[in-house]
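Report on the structure
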Amino acid sequence: MRFTIKSNGSGLSRRQVLVVAPLLLGVHGLSGAQEMSAMEKIKARGVLKVAVYKENAPYSDGPNADMKGVDISLAKALAAKLNLQLALLPFDAGENMNDDLRNMVWKGHYLGYGPADVMIHVPVDRYLMNENKQVLIFGAYVREHLVVLHSKSKIANVDNPDDLVGKSIGVEKGSGAASALMGYRGGMVREKVSIFKDGMDAARMVLTGQVDAAYVSRAQAEGAIHAAGAKGDWVLSTMPLPGVMPAGWPLGMAVKAGNTELATALDEALTSLRQSGELLKIFKGHGLTLSAP
């Protein structure tokens, strides 16, 4: 999954509402006319609507009616903790995260799809928060890192990009990892880089011996190994590269700004899943490492 963060550029006041409402509704109608909070509406319908990315294996992938992945398992567990049924809202990634947050969290798509109550797989990033005041980003559940997947028999060690010179390398189309790698030292390894639809595909090419290495997320590398049941001397090496965050990035959730009651409930549910070991079990069940956010 590629993340590109891009910059973007009332009705009555509270006092006016207090003055006008009695005239419209009558004093006896005020208490009954008070609108339910967002959390009260969710509890009333008994369903938690969760936005998840399409084609984002190993986190969320597959047909809409039968999606699989870590984020799907997490969404089910969170809904269960809140004593709610789960309704998934799968969606295609937009041009940038600002689009995704607008379409799936605070406004809804212009085609009438969304918004959801909560969106999963949101980078917990301060710049992103500052650019999107309409949402509340919280609840980091894992930290993602970029790794080089390779076999010891083909590449003994990968300590820096120089170790990949002359080696065929798979990367994900449109990803920051692909751009950073191809731009390294004026394109020193560019000619040997192959672009694939996603990081899982790039990782699979390593497992089948069609490329020597793949520069992908740890989850994509581990997910490909797990799905293929691949046995071998596979190594996931970290590699410093200009333009790439060495500490990785935490993934969390987002709700509409002001919906703090739901955010608190989800955060408490996530804490419970982590403390009980259920969150770790979810990641292990998909063959992934749960890195502390």
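Quick caveat, the model's predicted, so the values are computed rather than measured.

Sheet architecture is open: five strands sit in the order β2-β1-β3-β10-β4, paired in mixed fashion. On the outer flanks of this sheet lie β2 (85-91) and β4 (135-144), each paired with one strand and no other. On average, each strand axis in the sheet is tilted by 30° relative to the strand beside it, whichever way the strands run. Note: β4 against strand β10 (residues 249-256), seven bridges, orientation antiparallel.

What follows concerns the packing of aromatic side chains. Considering all chains together, one arrives at one aromatic pair under this definition. For the pair Y53 and F91, a centre-to-centre distance of 4.6 Å together with 40° between the ring planes defines the contact as tilted. Taken together, the residues Y53 in strand β1 (residues 47-53) and F91 in strand β2 connect sequence positions 38 residues apart. Residue F91 is classed as buried on the basis of its relative accessible area of 5%.

This part takes up the side chain of N96. The residue N96 is located in the loop between β2 and α5 (97-106) in this model. Accessibility expressed as a relative area gives 7% for N96, which makes it buried. Within the structure, the side chain of N96 is placed 3.0 Å from the backbone nitrogen of N98, a separation counted as a polar contact.

Taken in spatial order, the five strands of this open sheet run β7-β6-β8-β5-β9, and their pairing is mixed. Two strands close off the open sheet at either side, each with one partner strand: β7 (193-196) and β9 (234-237). In this sheet, adjacent strand axes meet at a mean angle of 30° when their direction is disregarded. Of the pairings in the sheet, the one linking strand β6 (residues 169-172) to strand β8 (residues 213-217) comprises two bridges and is parallel in character. Paired with I169 across the two strands is A213, which belongs to β8. Its contacts with the sheet put helix α8 (residues 199-207) on β5 (146-151), β6, β7, β8 and β9, and the angle it makes with β8 is roughly 150°.

Quick notes on the rules
- Residues numbered from 1 in each chain as written.
- Predicted model: local features only at pLDDT ≥ 70, side-chain atom pairs only at ≥ 80, totals over all residues.
- Heavy atoms only, no water.
- Pairing = 2+ DSSP bridges.
- Helix = DSSP H or I, 4+ residues; strand = E, 2+ residues; numbered from the N terminus.
- Axes fitted to C-alpha atoms, helices over the stretch in contact; angles between N-to-C directions.
- Phe/Tyr/Trp six-rings, centres within 6.5 Å; stacked < 30°, edge-to-face > 60°.
- Buried < 20%, exposed > 50% of the residue type's maximum accessible area, 1.4 Å probe, protein only.
- Polar contact = N/O pair within 3.5 Å; in protein donor to acceptor, adjacent residues only side chain to side chain.
- Contact = heavy atoms within 4.5 Å.

Note that all results are geometric; they support no functional claim without further evidence.
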